[in-house]
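# Descriptive analysis of the structure
Below, each chain spelled out in residue letters.
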Amino acid sequence: MRTNMLSELVKDFMSEYGITKEAAENAVELFFDALYDQIKASPELEKAVQAAFMGALQRAFIAGEAWATDVLRASMAKVQEQAQAS
């Protein structure tokens, strides 16, 4: 697994702009909020992001990553619950 992406992004903001850790954390949060809004606003982009996520999740599962197994197991349980509720 790669290093903590959020920590690295915060460090990048601190280094690039010479700001405090708190300011950088707020900037990163704002960045992800904006990114999320853009993804939700575009059905094509949302589908592409979902497909990329699922591909990465499947590769992690095949590689034996425990976290991927947990995510897939929880996703399947949620789908099953939704199917039973219908």
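Below, the structure is looked at part by part.

Calculation notes
Residues numbered from 1 in each chain as written. Predicted model: local features only at pLDDT ≥ 70, side-chain atom pairs only at ≥ 80, totals over all residues. Heavy atoms only, no water. Helix = DSSP H or I, 4+ residues; strand = E, 2+ residues; numbered from the N terminus. Rg over C-alpha atoms; globule rule 2.2 N^0.38 Å. Areas by Shrake-Rupley, 256 points an atom, 1.4 Å probe, with all protein chains shown as cover. Lys, Arg positive; Asp, Glu negative; His and termini not counted. Charge placed at Lys NZ, Arg CZ, Asp CG, Glu CD. Salt bridge = Lys/Arg side-chain N within 4 Å of Asp/Glu carboxyl O. Buried < 20%, exposed > 50% of the residue type's maximum accessible area, 1.4 Å probe, protein only. 1 Å grid on protein atoms, 1.4 Å probe; cavity = no way out; pocket = protein on both sides within 12 Å on 5 of 7 lines; lining within 4 Å. Points joined across faces, edges and corners; volume = space filled by probe spheres on them. Nonpolar A, V, L, I, M, F, W, Y, C, P; charged D, E, K, R; others polar.

## Things to note about the overall build of the protein
Broken down by element type, the protein carries four helices and zero strands. Of the regular secondary structure in the protein, the N- to C-terminal order runs α-α-α-α. Computed over its C-alpha atoms, the radius of gyration of the protein comes to 17 Å, more than 25% above the 12 Å expected for a compact globule of 86 residues. Along the longest, intermediate and shortest principal axes, the C-alpha atoms of the protein span 50 × 30 × 20 Å. Accessible surface, the protein: about 7100 Å² in total, of which carbon and sulfur atoms supply 59%. Averaged over its 8 positive side-chain charges, the protein has a centre that lies 8 Å from the centre of its 13 negative ones.

## Observations regarding the pattern of salt bridges
If you walk through the whole model with that rule in mind, you get three salt bridges. Here Glu-46 makes a salt bridge to Lys-40, at a shortest N to O gap of 2.9 Å. A relative accessible area of 21% places Glu-46 in the partly exposed class. Overall, the relative accessible area of 41% leaves Lys-40 in the partly exposed class. The shortest N-O distance in the salt bridge between Asp-70 and Arg-73 comes to 4.0 Å. Highlighted residues: Asp-70 and Arg-73, both in helix H4 (residues 66–85), separated by three residues, approximately one helical turn.

## A closer look at the layout of surface pockets
If you add up the space inside the second largest pocket, you get close to 190 Å³. Around the second largest pocket, the lining residues are Tyr-36, Ile-39, Lys-40, Glu-46, Val-49, Gln-50 and Phe-53. For the lining of the second largest pocket, the elements supplying multiple residues, two or more each, are helix H2 (21–41) and helix H3 (43–62). Here the lining of the second largest pocket gets four residues from one element, more than from any other, and that element is H3. Residue classes in the lining of the second largest pocket are distributed as four nonpolar, one polar and two charged.

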